[in-house]
Amino acid sequence: MSFKELVFSGVQPTGNLHLGNYLGAIKRFVELQNNHDCIYCVVDMHAITVPIAVWGGPEGLTRATREVTAAFIASGIDPKKHIVFNQSQVHEHAELAWVFNCVARIGWLNRMTQFKEKAGKDRENASVGLYAYPNLMAADILVYRATHVPVGEDQKQHLELARDIAQKFNNDFSESIAARGFGDMFFPLPEPIIQGPATRIMSLRDGSKKMSKSEPSDYSRINLTDDADAIAQKIRKAKTDPEPLPSEEKGLEPRPEADNLVGIYAALSDTTKADVLREFGGAQFSNFKSALVDLAVAALGPIGGEMKRLVQDHAYIDAVLADGSQRASAIAGKTMKAVKEIVGFVGR
Ligand code: TYM
């Protein structure tokens, strides 16, 4: 069976949207919308899987949901042509996640490295939601029967799990799926799109750690709402080594901080690391950093400015989400109706 190409991805509203989220995900969302149908989701139900003090409570969640929506639009996503909405407003995500809780195996979830990282040492005290999170993520994608999922490298394992869940559902219910005229596969096996020089942006303070929303030092990341001065200061203070830049990519291998800055430059300028090194090979970091500041300010400044403006306009943002939720529900409702029939739930 062939499935219509459809792009789906999500971003958590947990504050501090940063350059990693932008280059690894949102910028790719914008590129894909030119020749695909796309659904982009603010995954608010995922946000509450961590302790309330971390996700910020009701006001924090509302603010962050509007902020991610504003970031999508400010970055260039067209919410009229595509669908932008927040997860909690389309109840089929939670319904399908329950079915997937019964399809996925505990052994599969036990292998998820992100759960281990986020739960830390006190695993007994992590929420059940954090543990079952990848099943909800699979439901997010598959409730639209989406085929392509642009994400950063850190989501690769979750995507593999989503494929395993889709496959197991297709196998477990193969007769019921065929009997109802859906052929031999009800769900597609969604493909991750993890490409380019910025699939894993690292902390500006430590090239061995991922740039993250939760890192305590604000100097570790460039936030999308940082102004030009903050961007400049953070790049100038970014950790480097004393050597000049190499002229070939293999020279970056033992130099994680240099590799990271070159990757950021390449992603912001839509080139490759090799191209950047052709231009800057042999240069001192001070010169390279000045060029990177100019590039980053030119690329991110307008997005941050527009985000700050949009986020004030609650009526507009909330209307975008309501409209998107309605259109998303129309698709998700059809899938869930079919899933209920396939599983054998009695109803109309
Ligand atoms: P989240 O909210 O942590 O991150 C949003 C997107 O940003 C990417 N990303 C990065 N890319 C490069 N370098 C980094 N340092 C970096 N940090 C984050 C993430 O890979 C992601 O693409 N579970 C997901 C949200 C989600 C989802 C989905 C995604 C929920 N349901 C369905 C795709 C499809 C998450 O927590 O992303």
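The rules behind the values
- Residues numbered from 1 in each chain as written.
- Predicted model: local features only at pLDDT ≥ 70, side-chain atom pairs only at ≥ 80, totals over all residues.
- Heavy atoms only, no water.
- Helix = DSSP H or I, 4+ residues; strand = E, 2+ residues; numbered from the N terminus.
- Rg over C-alpha atoms; globule rule 2.2 N^0.38 Å.
- Buried < 20%, exposed > 50% of the residue type's maximum accessible area, 1.4 Å probe, protein only.
- Contact = heavy atoms within 4.5 Å.
- Areas by Shrake-Rupley, 256 points an atom, 1.4 Å probe, with all protein chains shown as cover.
- Lys, Arg positive; Asp, Glu negative; His and termini not counted.
- Charge placed at Lys NZ, Arg CZ, Asp CG, Glu CD.
- Arc of directions from axis to C-beta.
- Near = heavy atom within 4 Å.
- Polar contact = N/O pair within 3.5 Å; in protein donor to acceptor, adjacent residues only side chain to side chain.
- 1 Å grid on protein atoms, 1.4 Å probe; cavity = no way out; pocket = protein on both sides within 12 Å on 5 of 7 lines; lining within 4 Å.
- Sits in = over half its atoms within 2 Å of the grid points.
- Nonpolar A, V, L, I, M, F, W, Y, C, P; charged D, E, K, R; others polar.
- Points joined across faces, edges and corners; volume = space filled by probe spheres on them.
- Domains from an automatic or database assignment.
- Buried area = accessible area lost by both parts, 1.4 Å probe.
- Salt bridge = Lys/Arg side-chain N within 4 Å of Asp/Glu carboxyl O.
- Pairing = 2+ DSSP bridges.

1. Here's the deal with the overall build of the protein chain
Helix and strand content of the protein chain: 15 helices and 5 strands. A compact globule built from 348 residues should have a C-alpha radius of gyration of about 20 Å, and the protein chain, at 21 Å, falls within 12% of that. Its C-alpha atoms put the protein chain at 70 × 45 × 45 Å along the principal axes. Within the protein chain, buried positions represent 51% of all 348 residues. Nonlocal contacts in the protein chain, meaning residues at least 24 apart in sequence, comprise 77% of its contacts between residues at least 6 apart. Total accessible area computed for the protein chain in this model is approximately 16200 Å², and 51% of it derives from carbon and sulfur atoms. Between the mean site of the 40 positive side-chain charges and the mean site of the 43 negative ones, the protein chain shows a separation of 3 Å.

2. Thoughts on helix α13 (residues 273-280)
Three or more residues of α13 are buried, namely Lys273, Val276, Leu277 and Phe280. Down the axis of α13, the buried set is contained in an arc of 95°. They therefore lie on one face. Facing away from the buried surface of α13 by more than 90 degrees, the exposed residues are Arg278 and Glu279. The elements touched by buried residues of α13 are α12 (256-268) and α14 (285-312).

3. Looking at the site of the ligand
Every one of the 28 residues lining the ligand counts as a neighbour, but Gln12, Tyr133, Asp140, Asp154 and Ile201 are closest to it. At 3.1 Å, a backbone N or O of glycine 20 approaches a nitrogen atom of the ligand. More than half of the atoms belonging to the ligand lie within 2 Å of the grid points that define the largest pocket. Where the shell around the ligand is concerned, the elements lending two or more residues are β1 (7-11), α1 (19-32) and α8 (128-142). A per-class count over the shell around the ligand returns 12 nonpolar, 11 polar and 5 charged.

4. Observations regarding empty space enclosed by the protein
Counted under the stated rule, the structure contains 1 cavity of 30 Å³ or more. In this structure, the largest cavity encloses a volume near 50 Å³. Among the secondary structure elements, those contributing two or more residues to the lining of the largest cavity are α7 (113-119) and α8. For the lining of the largest cavity, the residue count by class is 5 nonpolar, 2 polar and 1 charged.

5. Some remarks on the layout of surface pockets
What the largest pocket holds in volume is close to 1300 Å³. Along its surface, the largest pocket is lined by 48 residues, and Gln114, Lys118, Asp154, Gln155 and Lys210 are the ones closest to its centre. Of all the elements in the fold, those that place two or more residues in the lining of the largest pocket are β1, α1, α7, α8, β4 (148-150) and α9 (156-172). With 5 residues, α1 is the single largest residue contributor to the lining of the largest pocket. Residue classes in the lining of the largest pocket are distributed as 18 nonpolar, 19 polar and 11 charged. For the second largest pocket, the calculated volume is near 340 Å³. Considering the residues around the second largest pocket, the lining is formed by 15 residues, among which Leu6, Tyr144, Arg145, Ile331 and Thr335 are closest to the centre. Those elements giving two or more residues to the lining of the second largest pocket turn out to be β2 (38-42) and α15 (314-343). Examining the composition of the lining of the second largest pocket, we find that 5 residues originate from one element, α15, more than from any other. Of the residues belonging to the lining of the second largest pocket, the class tally is 10 nonpolar, 1 polar and 4 charged.

6. A closer look at the domain arrangement of the protein chain
Here the protein chain is partitioned into domain 1 (7-199 + 313-343) and domain 2 (218-309). Taken residue by residue, the interface counts 16 residues in domain 1 and 17 residues in domain 2. Both sides together, the interface formed by domain 1 and domain 2 hides about 1400 Å², and carbon and sulfur atoms give 72% of it. On the domain 1 side of the contact with domain 2, Leu19, Ala74 and Pro197 bury the most area, a combined 37% of that side's loss. The shortest N-O distance in the salt bridge between aspartate 270 and lysine 27 comes to 2.5 Å. At the surface where domain 1 touches domain 2, the tally comes to 4 residue pairs in polar contact (both at pLDDT 80 or more). Breaking the side of domain 1 that touches domain 2 down by element, the ones donating at least two residues are α1 and α4 (57-75). For the side of domain 1 that touches domain 2, the residue count by class is 9 nonpolar, 3 polar and 4 charged.

7. Regarding the pairing of strand β3 (residues 83-86)
Burial along β3 is two-sided: the face carrying Ile83 and Phe85 and the face carrying Val84 and Asn86 are both buried. In the sheet, β2 pairs with β3 via 4 bridges, with the strands oriented parallel. Looking at β3, one finds that cysteine 41 is bridged to phenylalanine 85.

8. Notes on the pattern of salt bridges
Tallying each qualifying case throughout the model produces 21 salt bridges. Two residues, lysine 239 and glutamate 257, come together in a salt bridge whose shortest N-O distance is 3.4 Å. Here the residue lysine 239 occupies a position in the loop between α11 (228-237) and α12, and glutamate 257 occupies one in helix α12, the gap between them amounting to 18 residues. One salt bridge in this structure joins aspartate 323 and arginine 327, with 3.2 Å as the shortest N-O distance. Of the two residues, aspartate 323 and arginine 327 both sit in helix α15, 4 residues apart, roughly one turn of that helix. Taken together, the shared-partner salt bridges connect Lys27, Arg28, Glu31 and Asp270 into one network.

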